[in-house]
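Summary of structural features
Below, each chain spelled out in residue letters.
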Amino acid sequence: MDMAAPLRGGAEASARDPHRFAPVFLLATARSCSSVVTAMIGQHPALCGLPELKLFASPTIGEMEASLPRFWIERGVTHRSPGLVRALAEYLFGGQNIEALAAARTWLAERQDWPGEAVLDILLERLSPRLAIEKSPENAASDEALARLAEAYPEARYIHLTREPAATQRSMQAHWERVMPEHPLEGQPMLGFAAWVDVNRRILGFTERLPRGRVLRLRAEDVLDGTAGRLRAVASWLGLSRAPAALAAMGHPEASPFARPGPKDSGIIGGYDPGFLADPLLRKLAPPAPLCRPEGWSGHDMLWEMVEDLAKRLGYAGD
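About the thresholds
Sequence order as written defines residue numbering, which begins from 1 separately in each chain. Side-chain atom pairs in this predicted model are given and counted only at pLDDT of 80 or more, local residue features only at pLDDT of at least 70, and totals for whole chains, interfaces and linings cover all residues. Side-chain descriptors were evaluated using all non-hydrogen atoms of the structure, hydrogens and water having been removed beforehand. Each residue carries a pLDDT value, the predictor's own confidence for that position, ranging from 0 to 100. Contact criterion: two residues are considered in contact whenever any of their non-hydrogen atoms come within 4.5 Å of each other. Under the DSSP-based scheme used, a helix requires at least four consecutive residues in state H or I and a strand at least two consecutive residues in state E, with every element numbered from the N terminus. Any pair of nitrogen or oxygen atoms within 3.5 Å is treated as a polar contact; in protein, a donor-acceptor pairing is required on top of that, and neighbouring residues in sequence qualify only through side-chain atoms on both sides. The pocket and cavity definitions rest on a 1 Å grid over protein atoms only: a 1.4 Å probe that fits but cannot leave marks a cavity, an open set with protein on both sides within 12 Å along at least five of seven lines marks a pocket, and residues lining either have an atom within 4 Å of a point. Grid points are joined across faces, edges and corners, and a volume is the space filled by probe spheres set on the points. Charged means Asp, Glu, Lys or Arg here, nonpolar means Ala, Val, Leu, Ile, Met, Phe, Trp, Tyr, Cys or Pro, and polar covers whatever is left, Gly included. Whether two strands pair comes down to DSSP finding at least two bridges between them. To define axes, lines are fitted to C-alpha atoms, for helices over the stretch in contact only, and angles between the resulting N-to-C directions are given on a 0 to 180 degree scale. Relative accessibility under 20% of the residue-type maximum defines a buried residue, over 50% an exposed one, and the middle range a partly exposed one, all with a 1.4 Å probe and only protein chains included. It is the directions from the helix axis to the C-beta atoms whose arc is reported. For this analysis, a salt bridge means a side-chain nitrogen from Lys or Arg found within 4 Å of a carboxyl oxygen belonging to Asp or Glu. Residues belong to one nonpolar core when they are buried, are Ala, Val, Leu, Ile, Met, Phe, Trp, Tyr or Cys, and are joined through side-chain atoms within 4.5 Å. Any angle between 65 and 115 degrees counts as roughly perpendicular, while under 35 counts as roughly parallel, over 145 as roughly antiparallel, and the rest as oblique. Definitions for this section: a left-handed crossing has its near helix turned counterclockwise from the far helix by less than a right angle. A right-handed crossing has that turn clockwise.

**Digging into the confidence of the model for the protein**
The predicted model of the protein averages 92 in pLDDT, with 93% of residues at 70 or higher. For residues 1–12, every residue scores under 50 in pLDDT, and the model assigns this stretch 19 contacts once sequence neighbours within four places are set aside.

So this is what it looks like as structure tokens:
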């Protein structure tokens, strides 16, 4: 790809071939171990695990960049999608040092009217013949984002990653308290369970309309059980090698070029979960505990019934 080629924004970008690439998108609620699972899968020699790109959260790059909350600006974050800047720096500008990150940001600034898929196409072309997997939680946060995915890549495949609801809620609450201790989150634990129901229902509604072969459901607890069983299933589903060396590589998420923070003081630090970036070595995840109403649950009987029904549907009955 010639980086000096004419910019293809607006109507010209719409002339792209949506069938040219068929990436893999991992869909999950926040706090579902999606960073480590994506990094693991992406270490297969035929794959590349991308950080959170957030390319489908908004219609254009400019709109996505303009959505950076003031909370993060005040804490030194300088871009709405640090994962996107890091990926462009790594694969278009030769690395993730300060100079490459700056070049990537300039490149994006010149393409504010581009839709997300026009940017992703360039990354996919650069990575070819490797297959890319990407896991932005924003992809499953709205029907609009999922619709953009489906229209942009009509042959994409999807991994629906789940995590037991109580563990997900506890992780959501703990993350909030670490990041914003001065702003206690009201309505817990009900709020976290409601988010778990909302996002997983949206993913199910989206994936159930697709051919069965384009969707794979994984429980994080099974992927991170210390065995290669589910990783072998992923490779088989994608039609990739299940050789011992390939599966062994998938056990080393720390080898990803995005499994560490970006340069200090760059304002481009993240892209994956902060906990994973701080310690990306693979660790087992505890098996799911039996589902029961957590301490502090108040009222909301209908919500709890939805949690129970959906947990059974996602394979958590009887754990």
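**Some points on the side chain of Ser 81**
Mapped onto the elements of the fold, Ser 81 is located in the loop between α4 (70–73) and α5 (82–92). At 3.5 Å, the side chain of Ser 81 and the backbone oxygen of Glu 52 are in polar contact. Once residues within four sequence positions are removed from consideration, Ser 81 is found in contact with Glu 52, Leu 53, Lys 54 and Met 64.

**Comments concerning empty space enclosed by the protein**
A water-sized probe, rolled over the atoms, reveals where empty space remains. Applying the stated criterion across every chain yields a total of one cavity of 30 Å³ or more. Here the largest cavity defines a volume of roughly 30 Å³. If you go around the largest cavity, the residues you meet are Leu 26, Leu 27, Ala 28, Thr 29, Ser 34, Lys 135, Ser 136 and Pro 137. Residues of the lining of the largest cavity, tallied by class, amount to four nonpolar, three polar and one charged.

**Side note on the sheet that holds strand β4 (residues 157–162)**
Sheet strands associate in pairs through backbone hydrogen bonding, adopting either a parallel or an antiparallel arrangement. Spatial strand order, β2-β3-β1-β4-β5: five strands in an open sheet with parallel pairing. On the outer flanks of this sheet lie β2 (47–49) and β5 (215–219), each paired with one strand and no other. Going from strand to strand, the sheet's axes swing by 20 degrees on average, the running direction of each strand aside. Bridge count for strand β1 (residues 24–27) against β4 is four bridges, and the pairing is parallel. Bridge pairing in β4 links Val 24 to Arg 157.

**Some points on helix α8 (residues 143–152)**
Within α8, burial applies to Ala 145, Leu 146, Leu 149 and Ala 152. Looking down the long axis of α8, one finds its buried residues gathered within 135 degrees of arc, a one-sided arrangement. For α8, the exposed residues set more than 90 degrees away from the buried face come down to Asp 143 and Glu 151. Where α8 is buried, its residues meet β1, α7 (116–127), β4 and α10 (190–207).

**Focus on the pattern of salt bridges**
Going through the model one piece at a time under the given rule, you end up with 14 salt bridges. Salt-bridge contacts for Asp 121 lead to Arg 16; the nearest nitrogen and oxygen are separated by 2.5 Å. On the criterion of sequence distance, the pair formed by Asp 121 in helix α7 and Arg 16 in the loop between α1 (10–13) and β1 is long-range, its members being 105 residues apart. Accessibility assignment for this pair places Asp 121 and Arg 16 in one class, buried. A salt bridge links Arg 293 to Asp 301, with the shortest nitrogen-to-oxygen separation between them at 3.0 Å. Connected through salt bridges with shared partners, the residues Glu 52, Lys 54, Arg 80, Lys 135 and Glu 138 form a single ionic network.

**Notes on the nonpolar core**
In terms of nonpolar packing, the biggest core is built from 74 residues, with Ile 41, Leu 50, Leu 88, Leu 120, Tyr 153 and Ile 159 touching the most fellow members. Look past the residues within four positions of Leu 120 in its chain and what remains in contact with it is Phe 25, Leu 50, Leu 53, Leu 55, Phe 56 and Tyr 153. Listed in part, the 14 residues of the second largest apolar core include Phe 193, Trp 196, Leu 204 and Trp 304.

**Re the packing of α10 against helix α15 (residues 301–313)**
Relative to each other, α10 and α15 sit at 45 degrees, their axes nearing to 10 Å. Relative to α15, the element α10 is oriented oblique. In this structure, the crossing between α10 and α15 has a hand that is left-handed. On the side of α10, the interface is formed by Met 190, Phe 193, Ala 194, Trp 196, Val 197, Asn 200, Arg 201 and Leu 204, while α15 contributes Leu 303, Trp 304, Met 306, Val 307, Leu 310, Ala 311 and Arg 313. Tallied by class, the residues present in the contact of α10 with α15 amount to twelve nonpolar, one polar and two charged.

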